[in-house]
Each structure stands twice: as C-alpha cells, then as structure tokens.
Amino acid sequence: MEGDCLSCMKYLMFIFNFFIFLGGSLLLGLGLWVLLDPMGFREIVAANPLLFTGVYVILALGGLLFLLGFLGCCGAIRENKCLLLFFFMLILFIFLTELAAAILAFLFRDHLTREYFTRELKRHYQGHNNTDVFTSTWNAIMTTFDCCGVSSPEDFEESLFRLISPSKVVPEACCQRNRFLGDVEHVGLKQCLSGSLTFRHNKGCYSAVVDYFETYIYMAGALAIVVLTIELFAMVFAMCLFRGIQ
C-alpha cells in the first residue's frame, strides 16, 4: 500500500510540475510579447524604468518556473532526493516572493487612481520633451491609445505644460494623425494645438487603457490564483515524496 501511495504521489508530482513548466512558458511568452509587440508597448516600456524592470522580472520568474518545472519532473520520475529538496526550496522562495508582490500591490493600490495620475500629469508633464522619462512615457501612451490626458484634454489646464507652452492648449501627442501616412503626419496640427475639438483626441487615457486591458485583467487574476495553487500543491507533494523515498 505504501509503495502504491508513493507511486501515485510521484506521478501527481510530475503532473503538477508539468503545469508549472507550462506556467513558466506563459510568463516567458508574456514578457517577450511586451518587449517585441509592434503596437507601441516596446516604446512605453523602454521609456519607463519601472515598467522596464517589471518586464525583466516577469521574464526571470518565467525562466525560473520553466527550469523548476523541468527539475521537478526529473526529480519525481527519478526519485532523486537532492533534486526534490532543491525544487522545494526554490519554489518556496518564488511563492513567498509572489505573495509579497501581491501584498505590496494591494497596499499601494491608491497610487493607481485616476486622481493620482492626473495630479502627477499636471506636475511633471512637459510636452514634446523626449529627454524626460515621464514626458516621453505619457507621449507614447497618448499616441498608442489615441487619447489625451488622464480623464480628458482639460487635465492640461493649470499644469506645468501650460506654463512651459502657454500658446498650446494640448500637447502634440493629443493631436490626430493621418492613418494613411503611417501616423507620421498630423491632421490639423495648428487647430489641434489651439484647442479645436475636431482635430484632437478627446477620450482620456485612463479609460482608454482600462478598456483595452479589461478583457485581460480577470484572465490574469485567475491565472495568478491557479499558479499559486499549483505551486502550493507542488511543495506539499515534493516534501511528501522526499520523506517517502528510502
């Protein structure tokens, strides 16, 4: 009976590690998609050091999960105690890291509000300044999502941008572009900069970005819960199998 339980646990361990292997592959694919996607995310990520670091963290975690899944499968099938212990320690570290990241995201959730972004935009956005990281990031966002400001173009009123460029109502990144010319040439640039509603984007970027990612938010949350659950069960099976091997 004990041998049958050990054999069952070994194959369950193999199955769980196979799913961890797939989870690592998905994270690697996600990180590579953000870096190589032609829709403009590469420019946004490159302009923002925080996003740039986050993408490489995702790539590192994906690679580690990929490796762990492989080691866990080998350790379970070959009943190698060293591989199983190494697997348990590493996946415990990853599990605690992910849990800490989730707690930090919950604690700092107030920094992701519409009011926070509006306040930061008014204080730091400079217009057509490609040397400033904050400004170039916002220019990339507004160009990519065809939006203007956080809630609307009115967010630029009483802002640093208006102090620097008092003759412009909105920045150039808010102006519509000619789709037939590959977004190179603006449509009615002078009228747009002077405040014309016809030649500028009037939708706020907060709503535009939320609408774009809305279909992926619940999928990402469900995937995170599934990955954490699989990691937890994998640790339990690894320790049970480790203790059962003579």
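Predicted model, so just to flag it, every value in this text is computed and none were measured.

(A) Summary view of the overall build of the protein. Secondary structure summary: the protein contains nine helices and zero strands in total. Traced from its N-terminal end to its C-terminal end, the protein shows the element sequence α-α-α-α-α-α-α-α-α. Per-residue burial over the protein gives 33% buried out of 246 residues. For the protein, the share of sequence-separated contacts (at least 6 apart) that also reach a separation of at least 24 residues comes to 68%. Working note: accessible area of the protein is about 14600 Å², and carbon and sulfur atoms make up 70% of it.

(B) Fine view of the nonpolar core. If you look at the biggest cluster of nonpolar residues, it comprises 20 residues, and the most contacted ones within it are M13, I20, F87, I91, A234 and L241. Mapped by element, the contributors of at least two residues to this core are helix 1 (2–36), helix 3 (49–78), helix 4 (81–107) and helix 9 (205–244). Those residues in contact with F87 that sit more than four places away from it in its chain are M13, N17, I20, L68, G72, A234 and A238. Counting 19 residues, the second largest nonpolar core, distinct from the first, contains I141, F145, C174 and A208.

(C) Highlighting the confidence of the model for the protein. Residue-level pLDDT values for the protein average 78, and 83% of them are 70 or greater. For the protein, per-element mean pLDDT is lowest for helix 2 (residues 41–47), which scores 55, and highest for helix 7 (residues 160–164), which scores 91.

(D) The packing of aromatic side chains, seen in detail. As enumerated under the stated definition, the model contains seven aromatic pairs in all. Seen from their ring centres, Y125 and F156 are 5.4 Å apart, and the 55° between their planes marks the pair as tilted. Highlighted residues: Y125 in the loop between helix 5 (114–124) and helix 6 (133–144) and F156 in the loop between helix 6 and helix 7, separated in sequence by 31 residues. When sorted by exposure, Y125 lands in the same class as F156, which is buried. Relative to F161, the ring of Y125 has its centre 5.9 Å away and its plane inclined at 55°; by these criteria the two rings are tilted. Separated by 36 residues along the polypeptide, Y125 in the loop between helix 5 and helix 6 and F161 in helix 7 bring together distant segments of the chain. Comparing Y125 with F161 shows no difference in burial state: the two are buried.

(E) Focus on helix 6. The terminal C-alpha atoms of helix 6 lie 16 Å apart, and with 12 residues this matches the ideal 16 Å at 1.5 Å per residue to within 8%. Within two residues after helix 6, D146 carries a phi angle of roughly 50°, on the positive side.

(F) Focus on the packing of helix 5 against helix 6. At a minimum axis separation of 10 Å, helix 5 and helix 6 run at an interaxial angle of 120°. Overall, the two elements helix 5 and helix 6 adopt an arrangement that is oblique. Relative to helix 6, the crossing made by helix 5 is left-handed. Here helix 5 contributes E120, L121 and H124 to the contact with helix 6, which in turn contributes F134, T135 and W138. Taken together, the residues of the contact of helix 5 with helix 6 break down into three nonpolar, two polar and one charged.

(G) Expanded view of the state of the cysteines. Under the defined criterion, the tally for this structure stands at three disulfides. Paired by a disulfide, C147 and C205 hold their sulfur atoms 2.0 Å apart. A torsion of 90° about the S-S bond marks the disulfide between C147 and C205 as right-handed. One end of the pair, C147, is in the loop between helix 6 and helix 7; the other, C205, is in helix 9, and 58 residues separate them in sequence. A residue is classified by how much of its surface remains accessible, and C205, at 2% relative accessible area, is buried. With its sulfur 2.1 Å from that of its partner, C148 forms a disulfide with C174. Every disulfide takes its handedness from the sign of the S-S torsion; for C148 and C174 that torsion is 85°, giving right-handed. One end of the pair, C148, is in the loop between helix 6 and helix 7; the other, C174, is in the loop between helix 7 and helix 8 (189–193), with 26 residues separating them in the sequence. Of the two residues examined, C148 and C174, each falls in the buried class. In the protein, the bonded cysteines, numbered by position in the sequence, are linked as 1-6, 2-3, 4-5. Residue C73 stays outside any disulfide, its sulfur separated by 6.9 Å from that of C74, the closest cysteine.

(H) A nonpolar patch on the surface, seen in detail. Together, Y11, L12, F14, I15, F18, F19, L22 and I77 make up a nonpolar patch on the protein surface, roughly 690 Å² of accessible area in all. The residue L22 is located in helix 1 in this model.

(I) Representation of unusual backbone geometry in the model. For D146, which is not glycine, the phi dihedral falls at a positive 50°. Of note in this structure, E158 is not a glycine but carries a positive phi near 55°.

Each value, and the rule that gives it
Residues numbered from 1 in each chain as written. Predicted model: local features only at pLDDT ≥ 70, side-chain atom pairs only at ≥ 80, totals over all residues. Heavy atoms only, no water. Helix = DSSP H or I, 4+ residues; strand = E, 2+ residues; numbered from the N terminus. Buried < 20%, exposed > 50% of the residue type's maximum accessible area, 1.4 Å probe, protein only. Contact = heavy atoms within 4.5 Å. Areas by Shrake-Rupley, 256 points an atom, 1.4 Å probe, with all protein chains shown as cover. Core = buried A, V, L, I, M, F, W, Y, C linked by side-chain atoms within 4.5 Å. pLDDT = per-residue confidence, 0-100. Phe/Tyr/Trp six-rings, centres within 6.5 Å; stacked < 30°, edge-to-face > 60°. Expected span 1.5 Å × (residues − 1). Axes fitted to C-alpha atoms, helices over the stretch in contact; angles between N-to-C directions. Parallel < 35°, antiparallel > 145°, perpendicular 65-115°, else oblique. Left-handed = near helix turned anticlockwise from the far one by under 90°. Nonpolar A, V, L, I, M, F, W, Y, C, P; charged D, E, K, R; others polar. Disulfide = S-S within 2.5 Å. Patch = residues over 30% accessible without salt bridge, like charges linked within 9 Å, V, L, I, M, F, W, Y side chains within 5 Å. Salt bridge = Lys/Arg side-chain N within 4 Å of Asp/Glu carboxyl O.

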